[in-house]
Amino acid sequence: MGMLSRKVTCNSHGQDSSYFLGWQEYENNPYDEVKNPQGIIQMGLAENQLSFDLLESWLAKNPDAASFRREGQSIFKELALFQDYHGLPVFKKALVDFMAEIRGNKVTFDPNHIVLTAGATSANETLMFCLAEQGDAFLLPTPYYPGFDRDLKWRTGVETVPIQCTSSNRFQITASALEEAYQQAQRKNLRVKGVLVTNPSNPLGTTMTRNELDLLVNFITDKEIHLISDEIYSGTVFNSPAFVSVMEVLKDRKLEKSEVWERVHTVYSLSKDLGLPGFRVGAIYSNDPIVVAAATKMSSFGLVSSQTQYLLSAMLSDKKFTKEYMSKNHKRLQKQQSKLVAGLEKADIGCLESNAGLFCWVDMRHLLRSDTFEAEMELWKRIVYDVKLNISPGSSCHCSEPGWFRVCFANMSEDTLKLAMQRLKSFVGSITVNDQSHQELKNSRRKFRTKWVFRLSFLSFHDREQDER
Amino acid sequence: MEFRRNNRQLLSKIATNDRHGEDSPYFDGWKAYDSDPFHPTHNPHGVIQMGLAENQLCFDLIEKWILENPDASICTAEGIDKFRDIANFQDYHGLKEFREGVAKFMGRVGGNRVTFDPDRIVMSGGATGANETVMFCLADPGDAFLVPSPYYAGFARDLRWRTGLDIVPVDCESSNNFRITRAALEEAYEKAQRSNINVKGVIVANPSNPLGTVLDKETMRSLVSFINDKNIHLVCDEIYSATVFSSPRFISIAEIIRDMDCNRDSIHIVYSLSKDMGFPGFRVGIVYSFNDDVMDCARKMSSFGLVSSETQFFLAAMLNDDEFIGNFMRESSKRLAKRHHVFTKGLERVGISSLKSNAGLFFWMDMRPLLKEQTVEAEIELWRVIINKVKLNVSPGSSFQCSEPGWFRVCFANMDDETVGVALERIRQFVLQGKEKGEVSEKSKHWKKHNLRLSFSSVRLYDENLSSPRMISPHSPIPQSPLVRTRT
């Protein structure tokens, strides 16, 4: 009999993956403008560090919220004692209003249907515990956030089956891919309980089209399964097309009283939009009261600190502030993203056209020695150790095609980004100068890529909707 | 609606079973309190909450410290230069200063007889999260843990619900003050073996909830040798360790294993600041394991319940203020001792005894003389009388799986002095009325084997409301809490 549980000895936590190994390398040799200018630049961390000044200035103007006080009176004791898993009502109200604002107020949320959790990490795991168990599976479109391996499977015993998406159509979800994934699960003797999508997508940085959302709703209706929409990046949409949430689609299709309504659940968090990952603020929104009740009880295992709930309830209730913050934040994200895209272009590297998120999905297929994941790993190691940029290889995101990398842009200054792009340009220059056959391969790939990038721009022009923000 | 039934079948067993344990009477009593909460001026005849193990006695000290240390907050003018770094900090290793502060505090609580290694401090979502995490690390679905009874009602959820584990109670009896005996452990273990239940370890709370007693050295050594013999784990939940207010002193398991030959890889501590400091809202749980693999695994799992970085920063400053902490601990003990004394002596004067205790935020009250008969049903009947007639929410022993009916846990640290007076007076009246009617023996300072009957014909003994499952959380004083009265 083993002394420890199987969870300790297996590696379903997924932390042996390259996604995390790159971080370790960075930790050993982190870039610093002054102290370590030759160090590794962290581009594998999807953090929003561009708008702290806005938060700080709000705090300076709102000293009460900042120091356990309300209307000048100390409420420290009440906060210190408040551990009700229903959450602080004023915070939940402020949070749902904020979520509605992000969706252009096209949908409204009921505070009684929201469950607060310690980050989206906890929200996703909790939903798994509520919706599935050992022997069940959830379908996930690839590429997807590497942390899902831990969050969805590790302690729950639930399996994931990929919905393969490819660059041939911008990695969009297709009906056939959904069906194929479903069949694959069945062949593995797994009972499919639902689909989990991230919208906007990590790592793609794109918002889902209405077409995809309709497809998903049809699919889960037909198969009588759940849909989880992880909308953690919903507040980072900086360009058109505007964000369309699955709740909006359900509403537009008048499905509020239908059976499928209660099988759609949304996950949210303030870690990306407000750049507060340290505060551990996540939420589950479900239309099913049984799920809400069960998840609420489970939130005991990871409640949001009352101190944090109080601070953020004041901040998010300040509608003037949230409007201004969202507007400025989007502008800064857009500016930084364009700088990354331009810098990549100068190095002859393209990326998937994106309008959201804190990263770009970068195409380095033309730099691969061969069209294999081994070659991708080889390239990745060179980029981490030689170019000194920590970026995330597509294989760690379960991408079906080698050569794609996720590159983050919102966690550094403009200068650092510039330096990163310079390093990349030099690197690309150096590997192509001496290698003739490689050059030919690169040229043919570049032609293909140019055609494809152009096609993307053309498509997105037509997809463009009125800018509502 | 038809589809709701269909949809229900699409949920997990965990979501639809009742292994969260919230249908137990422990949580039931809250409903009576929630619908009629005591307030000295607004509702002087309401139910007084004595079922909530909170420590509200020392907030004045903490509030003073907060005013004197504005840079402990990242949101004030003095602390804002730390804001972005802290707001961004989600490393599951936790802030170094926070871990150092917690390790130091744990050491002081143990009388500085052992030091705790800050690098072994792993965070979790309260002790609730810590206990569940430790179970996930030590056992697989279908395995079991031995738990000496009476035990904290929340263990049913924390140890079993999502982990798929079982609890095998180790019965302890009043005849020897509920001590955990080797014989009782062996008996529980063998019983499990006979039922083909795979026991992975023992979990004890020291100091005990609901008893309020500390484990003595002999018992602790006996526990360690038991788990060593069986090659299983020992988890010590030391959440109440700083609530010890009189001798004998608290001995951490860390001290015991330092002086004993044992397999340190099977020893694990769970801690929290919810009881000692009175901060349940801040969700500070700690897993401290002597096993490196468990520590690593628990640390990865802490992603599911990290302590807010804002809170870590605040507590790092407070816990590293040696002078303040020293003063706090002394003052807290004093106030707890006084409160405990007032209650237990007040009850003794009307002939109600309680288990001799020196820790915790509650005492274990002996109401056996007032039971119609020595059964759980009679205990529940008496409990409903106490809630409905005496208007005190106390917790019946059966909700702690106590093997003997008639015991009640009564919390004393979650109210002000005035309310203490009211509560005592109500109990006094209740017992004296019973005596007047000749139904309680004058000499019942100690329980005798008489069949003492109580009848309160005018009282509704069965309250339907109290037996229905709760929807409201037991965790906080709603709607009393001003935070819950929204202004929108």
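Residues numbered from 1 in each chain as written. Chains lettered and ligands numbered in written order. Predicted model: local features only at pLDDT ≥ 70, side-chain atom pairs only at ≥ 80, totals over all residues. Heavy atoms only, no water.

### Details of the overall build of chain B
Inference 1: The helix and strand tally for chain B stands at 17 helices and 13 strands.
Inference 2: Looking at the 488 residues of chain B, the share that counts as buried comes to 64%.
Inference 3: In chain B, once contacts between residues fewer than 6 apart in sequence are set aside, the share between residues at least 24 apart is 76%.
Inference 4: Here chain B has roughly 18700 Å² of accessible surface; of this, 48% comes from carbon and sulfur atoms. (Helix = DSSP H or I, 4+ residues; strand = E, 2+ residues; numbered from the N terminus. Buried < 20%, exposed > 50% of the residue type's maximum accessible area, 1.4 Å probe, protein only. Contact = heavy atoms within 4.5 Å. Areas by Shrake-Rupley, 256 points an atom, 1.4 Å probe, with all protein chains shown as cover.)

### Some remarks on the overall build of chain A
Inference 1: The number of helices and strands found in chain A is 17 helices and 15 strands.
Inference 2: Total accessible area on chain A is roughly 17200 Å²; 50% of this is exposed by carbon and sulfur atoms.

### Description of the side chain of Asn287(A)
All names here are of chain A.
Inference 1: With respect to the helices and strands, Asn287 occurs in the loop between β10 (282-286) and α12 (289-298).
Inference 2: Look at Asn287 and you get buried, because its relative accessible area is 5%.
Inference 3: Of note is the side chain of Asn287, whose polar atom sits 3.0 Å from the backbone oxygen of Trp261. (Polar contact = N/O pair within 3.5 Å; in protein donor to acceptor, adjacent residues only side chain to side chain.)

### As for helix α7 (residues 126-138) of chain B
Inference 1: Along its 13 residues, α7(B) runs 19 Å from first to last C-alpha, staying within 8% of the 18 Å computed at 1.5 Å per residue.
Inference 2: Of all 13 residues in α7(B), 13 are buried, a share of seventy percent or more. (Expected span 1.5 Å × (residues − 1).)

### Remarks on the interface of chain B and chain A
Inference 1: Between chain B and chain A, the contact holds 92 residues from the first and 86 residues from the second.
Inference 2: Carbon and sulfur atoms make up 61% of the surface buried where chain B meets chain A, a total of about 8200 Å² over both sides.
Inference 3: Viewed at the interface, chain A and chain B are joined by three salt bridges.
Inference 4: In this structure, the salt-bridge partner of Arg6(A) is Asp140(B), at a minimum N-O distance of 3.7 Å.
Inference 5: Counting across the interface, chain B meets chain A through 25 residue pairs in polar contact (both at pLDDT 80 or more).
Inference 6: Counting residues per element, the side of chain B that touches chain A draws most heavily on α7(B), which supplies seven residues.
Inference 7: A class-by-class count of the residues in the side of chain B that touches chain A yields 41 nonpolar, 33 polar and 18 charged. (Buried area = accessible area lost by both parts, 1.4 Å probe. Salt bridge = Lys/Arg side-chain N within 4 Å of Asp/Glu carboxyl O. Nonpolar A, V, L, I, M, F, W, Y, C, P; charged D, E, K, R; others polar.)

### So, the UniProt feature "domain: Aminotransferase class I/classII large" (unreviewed entry) in chain A
Inference 1: Under the present numbering, the feature "domain: Aminotransferase class I/classII large" (unreviewed entry) in UniProt falls on residues 41-424 of chain A.
Inference 2: Helix makes up 42% of residues 41-424 of chain A and strand makes up 16%, while its end C-alpha atoms are separated by 11 Å. (UniProt positions renumbered as here; feature names shortened; annotations may be inferred.)

### Describing the pairing of strand β8 (residues 284-289) of chain B
Residue and element names in this part refer to chain B.
Inference 1: Burial analysis of β8 places six of its six residues in the buried class, the great majority of the element.
Inference 2: Burial along β8 is two-sided: the face carrying Val284, Ile286 and Tyr288 and the face carrying Gly285, Val287 and Ser289 are both buried.
Inference 3: Where strand β2 (residues 121-125) lies against β8, five bridges are found, and the strand directions are antiparallel. By the bridge assignment, Val122 is partnered in β8 with Val287.
Inference 4: Of the strand pairs in this sheet, strand β7 (residues 267-272) and β8 are connected by five bridges, and their pairing is antiparallel. Within β8, the position partnered with Ile269 by the bridge is Tyr288. (Pairing = 2+ DSSP bridges.)

### Points about the packing of helix α6 (residues 96-109) of chain B against helix α14 (residues 322-348) of chain B
Residue and element names in this part refer to chain B.
Inference 1: For the pair α6 and α14, the least separation of the axes is 12 Å and the interaxial angle reads 40°. Judged by the inter-axis angle, α6 sits oblique to α14. In the crossing of α6 with α14, the sense of the turn from one axis to the other is right-handed. Taking contact as the criterion, the partners of Lys104, Phe105, Arg108 and Val109 in α6 are, on α14, Asp322, Ile325, Gly326 and Met329.
Inference 2: Residue composition of the contact of α6 with α14, grouped by class: four nonpolar, one polar and three charged. (Axes fitted to C-alpha atoms, helices over the stretch in contact; angles between N-to-C directions. Parallel < 35°, antiparallel > 145°, perpendicular 65-115°, else oblique. Left-handed = near helix turned anticlockwise from the far one by under 90°.)

### So, the sheet that holds strand β8 (residues 226-230) of chain A
Residues and elements named next belong to chain A.
Inference 1: On the basis of which strands lie adjacent, the open sheet formed by seven strands has the order β4-β10-β9-β8-β7-β5-β6 and mixed pairing. Of all the strands in the sheet, the pair left with one neighbour each is β4 (114-117) and β6 (159-163). Across the sheet, the mean angle separating the axes of adjacent strands is 25° when strand polarity is ignored.
Inference 2: As defined by bridge partners, strand β7 (residues 191-198) adjoins β8 across five bridges and the pair is classed as parallel. Within β8, the residue paired with Val197 across the bridge is Ser229.
Inference 3: The strands touched by helix α9 (residues 175-187) within the sheet are β5 (136-141), β6 and β7, with β6 carrying the most contacts at an inclination of about 145°.
Inference 4: Against the sheet, helix α10 (residues 210-223) contacts β5, β7, β8 and β9 (264-269), and its axis sits at roughly 165° relative to β7.

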